[in-house]
Amino acid sequence: MGTVTEVMKGQALNGKAELLPFVNPATGEQFGSVLMTTEVEVKNARREMAVAAQTWAAKPVKERVRLVRKLQTLLIDEMDEITAVMNQDNGKSRQDAMAELFMSVDLINQYCNRAPHWLRRQRVSPGLQIFKRCYVEQHPHGVVGIIGPWNYPLVLIVPPMVSALLAGNTVLVKPSEVTAATGVMVEQLFRKIPELAPFVRFLHGDGRVGAALVQSKPDFIFLTGSTKTGRLVMKAAAENMTPVVCELGGKDPMIVLEDADIEAAARWGAWGAFYNTGQTCMAVERIYVIESVYDAFLEAFLEETRQLKQGYSPEIDNPNDLGPLTFQRQVDIIEDHVQDALAKGAHIIHGGKRKGMYMEPTVMVNVDHSMKLMREETFGPVVPIMMVDNEEHAIQLANDSNLGLSASVWSRNLARAERVAHQLYVGSVNINDTMSHFAIPRLPFGGVKESGIGRTHGKKDLLQFTQTRAFVVGNPPLPFDIATILRQPGNYRLGSGIIHLVFGTTPKQKLKPVVALLEEKEVAPKVKKVGTAVGVTAVLGAIVLTLLRTRK
């Protein structure tokens, strides 16, 4: 694949060359660098991708699929080197890096199988305009800007790139400056596919490069990041009316009901809280336990937490469960949340110590919603556990948040758990598990409230990278066409009759035009018979039109 330490060509960002270092958070060692992309280069890349977009969009979907399959093949072939770079860049284990690759390949495979179906032309009923044929088509936006995060620098950047490409867009991608080596590695993967490389540009650098990307007026922006970053990007994008989809922060609650499998809840709750050292948007960030099982759950959770091993190894066989935190800014946020909670009466009953970038898995109790730890995204290996009175109390507190990404509910009674799940104002709910929903490629993932806009995964994910265009095909309206009737003056009564006959919601409403006709005082009996015949014919016609309305 080539070394990630080589310096990429570029120009000065602010009058001087600025290098973006690659630093291993586990060791503090710098193992390479990349020259930051300049504002001028961002603008040039935007123009190049606009030109290339016409060529890429003209390719049939099956041809796009064929080329994306080459990326799928390459990801599998280069697996060991990919995980080695991510291990250095992020500090996570090779197995955790492999899990990112696993989910990425799974999603690519599913999308390549289904993209031709999801993107094909769809017939639409013409309603009462029965002489017309209607359909919708999905067309690409053009140039898509993708801004990626540092916590999962592969699975949160490659799949959206694939979605954008399959939908017919070209891509400008800005990897996180915190995990810049992974961004360079992904760029090198695309360079190995000459048929695909011309339709993607990588923009390496810090927030200034991200701002330049937004200001370059891409046709669509896809962001994964913090809620704070989401606000900044959406505000800047609004100046150019650029549509934005964003997957942002979470403060995911876990509810343990009194009939839960306590052992399983403790095991997978701890995994969901501490996996990737808690640096996961849908991590378990607060736990609510019914009073009657609180002590049992707390002891079981502590036992699971005590067994977790922390450390770093570059080897494939790594015995550690947790690695280091990834960068200092997140460390500061975590410590601020912990200190705020302690100052307001919370207690640490396990962990709490930090050495360098390593923080022990930490369990806190005596917590309440006055604390940042219960209200703001912590994004670290700290989990607060709170006793609640009953199911209703748990639901109330779970919903007491500005964020609404995911949640989990634990109960042996699946019907009860689902009932509770339906009352949680979040984008996804796991029952008797944590975080597993993200790994299902066709299950929509995303949040409500301040956790984001739009969805990743599944058909909705792919289609959000397109614009829907509608087409109506037919000859000029005939004299008895509904369009002609409604356009010509003097047809008010006829139009009113059609509304009642076709759209009336009760038999009385539907028959009102017929009854009105028969009740006209000046109508002779003979004419009444004719009126009756006309009324019956009109009713039958209405039934036929109603049936035709549903045809495709």
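Relevant structure appears above.
What comes next concerns the included structure. (Residues numbered from 1 in each chain as written. Predicted model: local features only at pLDDT ≥ 70, side-chain atom pairs only at ≥ 80, totals over all residues. Heavy atoms only, no water.)

## Observations regarding the sheet that holds strand 4 (residues 133-140)
At step 1: In space, the three strands of this open sheet follow the order 3-4-22, with antiparallel pairing throughout. Pairing within the sheet leaves two strands with one partner each, and these edge strands are strand 3 (122-124) and strand 22 (466-473). Pairs of neighbouring strands in the sheet enclose a mean axial angle of 30 degrees, with direction left out of account.
At step 2: The pairing of strand 3 with strand 4 spans three bridges and is antiparallel. (Pairing = 2+ DSSP bridges. Helix = DSSP H or I, 4+ residues; strand = E, 2+ residues; numbered from the N terminus. Axes fitted to C-alpha atoms, helices over the stretch in contact; angles between N-to-C directions.)

## Here we look at the packing of helix 17 (residues 492-503) against helix 18 (residues 507-518)
At step 1: The interhelical angle for the contact between helix 17 and helix 18, taken along N-to-C directions, is 150 degrees, at an axis separation of 7 Å. With respect to the hand of their crossing, helix 17 and helix 18 are arranged in left-handed fashion. Residues Gly497, His500, Leu501, Val502 and Phe503 of helix 17 pack against Gln509, Lys510, Lys512 and Pro513 of helix 18. (Left-handed = near helix turned anticlockwise from the far one by under 90°. Contact = heavy atoms within 4.5 Å.)

## With respect to the sheet that holds strand 19 (residues 428-431)
At step 1: Strand order in the open sheet made by the seven strands is 12-15-16-11-10-18-19, with mixed pairing throughout. Only two strands of the sheet have a single partner each, and these edge strands are strand 12 (347-350) and strand 19. Shown here is a sheet whose adjacent strand axes are inclined to one another by a mean of 25 degrees, direction ignored.
At step 2: Of the pairings in the sheet, the one linking strand 10 (residues 252-256) to strand 11 (residues 284-290) comprises five bridges and is parallel in character. Residue Val256 lies in a different strand from strand 11, and its bridge partner there is Val289.

## Regarding the pattern of salt bridges
At step 1: The final tally for this structure, using the stated rule, is 25 salt bridges.
At step 2: Of the charged contacts, one joins Lys92 and Glu100 as a salt bridge, the two residues approaching to 2.5 Å between their closest N and O atoms.
At step 3: Salt bridges here are not isolated pairs; linked through shared partners, they connect Glu258, Asp259, Glu391, Arg416 and Arg419. (Salt bridge = Lys/Arg side-chain N within 4 Å of Asp/Glu carboxyl O.)

Everything listed here is a matter of geometry and, on its own, says nothing about what the molecule does.
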